[in-house]
Amino acid sequence: MACITRIDCDPAVAQPVFGLGQTPQGWHAALIVAKAAGKSLSEIPANDPDAPDTGPDDTPQPLVGLAKGTLIDTLDGPKPVEDLKPRDVLRTGSGRCRLVHHILRIDRGDAIRHAMIRIKAGALGPNLPARNMRLPRNQKILVRSEIAQRMFGQDGSLVAARFLTDLPDVTKAKPRHCPGALYLLLLETQDTILADGIPIETLAPCAENLALLPAHLRTALARMYPGFAQASCATALQVQAARPKRQKRLIKRHIHSGSPLIVEDPVEQTAEAG
């Protein structure tokens with residue numbers, strides 16, 4: 001049975017040093033935190049997406065994450081991102097399956113509404129995305145195509161949503177049609193999950209990305225995820241993003257060729273084209 005926990009840390013209040021070291025992930029780590037604090041697991045506030053922010057929060061306006069209603073591919077079928085629970089098993093773009101450890105809901109209102117990109121159904125490939133969707137401008141998708149393989153190798157490249165607006169059917173979203181909250185999914189490592197059918201990057205656990213998390217959760221999550229102690233994301237990345245100029249060049253080549261950005265098997269696509 002899944003155990004849903006929230007670690008609620010107010011930076012204004014001194015926190016006990018738990019000394020977790022290389023702790024296991026998920027609810028096992030939450031149990032260790034509870035024991036170290038001298039409490040039962042039920043006494044630790046639950047880690048639900050609507051966790052209240054009781055302390056000052058210096059988090060910059062987050063421009064990555066997923067909007068409410070985005071369908072995530074799980075072993076139990078598609079689920080809206082807001083309905084995901086810790087320990088749900090997600091399908092990834094590589095075909096692997098990974099557990100969700102935490103789902104964080106971050107509400108920044110107008111700052112998010114003015115930074116969303118609208119992607120029409122089918123804009124990136126056949127039935128991709130499967131529905132009209134909205135992504136924050138810095139959220140990255142994995143471009144897998146024959147062109148991407150020629151430029152970056154077999155894995156393709158991550159591309160920020162803001163670079164897609166030169167494509168037909170991809171535009172800046174109107175603020176009044178956009179949500180004011182985003183959901184960040186924490187997995188054990190960076191990966192790509194399938195959101196409305198397209199591979200979306202999840203947050204890499206590293207010190208650089210701690211600024212994207214709510215301030216009152218950073219201390220606890222850093223203790224539970226040893227990866228957040230890494231100074232640079234470079235050592236935490238499973239999938240790489242090209243430099244911005246090369247991301248733009250990749251999109252221009254797709255526009256020129258009229259080929260989809262995401263295909264199931266780029267090698268097979270090349271053979272068919274030949």
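The structure this text deals with has already been given above.
Every value quoted in this text rests on a predicted model; they were computed, and no experiment measured them.

The rules we used
- Residues numbered from 1 in each chain as written.
- Predicted model: local features only at pLDDT ≥ 70, side-chain atom pairs only at ≥ 80, totals over all residues.
- Heavy atoms only, no water.
- Helix = DSSP H or I, 4+ residues; strand = E, 2+ residues; numbered from the N terminus.
- Buried < 20%, exposed > 50% of the residue type's maximum accessible area, 1.4 Å probe, protein only.
- Contact = heavy atoms within 4.5 Å.
- Pairing = 2+ DSSP bridges.
- Axes fitted to C-alpha atoms, helices over the stretch in contact; angles between N-to-C directions.
- Patch = residues over 30% accessible without salt bridge, like charges linked within 9 Å, V, L, I, M, F, W, Y side chains within 5 Å.
- Areas by Shrake-Rupley, 256 points an atom, 1.4 Å probe, with all protein chains shown as cover.
- Salt bridge = Lys/Arg side-chain N within 4 Å of Asp/Glu carboxyl O.
- Lys, Arg positive; Asp, Glu negative; His and termini not counted.
- Charge placed at Lys NZ, Arg CZ, Asp CG, Glu CD.
- Core = buried A, V, L, I, M, F, W, Y, C linked by side-chain atoms within 4.5 Å.
- Expected span 1.5 Å × (residues − 1).
- Arc of directions from axis to C-beta.

Novice: Give a description of the overall build of the chain that names residues and reports values.
Specialist: For the chain, the count of helices and strands is six helices and 13 strands. Looking at the 274 residues of the chain, the share that counts as buried comes to 46%. Intrachain contacts of the chain at a sequence separation of at least 6 include 68% that bridge at least 24 residues.

Novice: Could you give me a rundown of helix H4 (residues 215-224), with the residues and numbers involved?
Specialist: The element H4 is largely enclosed, with a buried count of seven among its ten residues. Turning to H4, its buried residues number three or more, namely Ala215, His216, Leu217, Arg218, Ala220, Leu221 and Met224.

Novice: Can you explain the sheet that holds strand S10 (residues 170-172)? Please cite residues and give values.
Specialist: If you trace the three strands from one edge of the open sheet to the other, you get S7-S6-S10, paired in antiparallel fashion. Two strands in the sheet have a free side with no partner beyond their single neighbour: strand S7 (133-136) and S10. For this sheet the average axis-to-axis angle between neighbouring strands, irrespective of direction, equals 30 degrees. In this sheet, S10 lies alongside strand S6 (residues 116-119) in antiparallel orientation, the contact comprising three bridges. Its bridge partner being in S10, Arg118 is matched across the sheet by Thr171.

Novice: Go over a positive patch on the surface, please, and point to the residues and values.
Specialist: A cluster of like positive charges, contributed by Arg243, Lys245, Lys248, Arg249, Lys252 and Arg253, occupies part of the molecular surface. Secondary-structure assignment places Arg243 in the loop between H4 and helix H5 (244-257).

Novice: For the nonpolar core, give the residues involved together with the corresponding values.
Specialist: Leu66, Ile119, Leu124, Leu164 and Leu185 are the most contacted members of the largest nonpolar core, which has 37 residues in total. By residue number, the principal contributor to this core is helix H3 (residues 146-152), which donates three residues. Residue contacts for Leu124: discarding those within four places in its chain leaves Ile119, Pro129, Ile141, Leu164, Leu167, Ile198, Pro260, Leu261 and Ile262. In terms of nonpolar packing, the next biggest core, distinct from the first, is built from 14 residues, Val64, Leu186, Leu213 and Leu221 among them.

Novice: Can you explain unusual backbone geometry? Please cite residues and give values.
Specialist: The linkage connecting Leu128 with the following residue, Pro129, adopts the cis geometry, with an omega of -5 degrees. With respect to the helices and strands, Pro129 occurs in the loop between S6 and S7. For Arg87, which is not a glycine, the phi torsion comes out positive at approximately 85 degrees.

Novice: Break down the environment of Asp107 for me, citing the residues and quoting the values.
Specialist: Tracing the backbone shows Asp107 in strand S5 (residues 102-107). For Asp107, a relative accessible area of 42% corresponds to the partly exposed category. As for Asp107 and Leu182, which are separated by 75 residues in sequence, their C-alpha atoms are 6.5 Å apart. Beyond its immediate chain neighbours, meaning those up to four positions away, Asp107 contacts Gly180 and Ala181.

Novice: With reference to specific residues and values, describe the pairing of strand S9 (residues 157-160).
Specialist: Residues of S9 alternate between two faces, with Ser157 and Val159 on one and Leu158 and Ala160 on the opposite face, all of them buried. In this structure, strand S8 (residues 140-143) lies alongside S9, joined through four bridges in antiparallel fashion. What sits directly across from Leu142, in S9, is Leu158.

Novice: Residues and numbers for H5, please.
Specialist: With 14 residues, H5 extends 20 Å between its outermost C-alpha atoms, agreeing within 8% with the 20 Å of an ideal straight helix rising 1.5 Å per residue. Of the positions making up H5, those classed as buried are Gln247, Leu250, Ile251 and His254. Down the axis of H5, the buried set is contained in an arc of 95 degrees. They therefore lie on one face. Every exposed residue of H5 that faces more than 90 degrees away from the buried side is listed here: Lys245, Lys252 and His256. On its buried face, H5 sits against S8, H3 and S9. Looking one or two places after H5, you find Gly258, whose phi comes out positive at around 70 degrees.

Novice: Describe in detail the pattern of salt bridges, supporting the description with residues and values.
Specialist: One pass over the structure, following the stated rule, counts six salt bridges. A salt bridge links Asp88 to Lys79; the nearest nitrogen and oxygen atoms lie 3.6 Å apart. Asp88 sits in the buried class, given a relative accessible area of 13%. Lys79 gets classed as partly exposed once you look at its relative accessible area, which sits at 22%. The salt bridge involving Glu146 is made with Arg150; its shortest N-O contact spans 2.2 Å. Of the two residues, Glu146 and Arg150 are both situated in helix H3; the distance of four residues between them amounts to about one turn of the helix. One salt-bridge network, held together by shared partners, links Arg96, Arg98 and Asp191.

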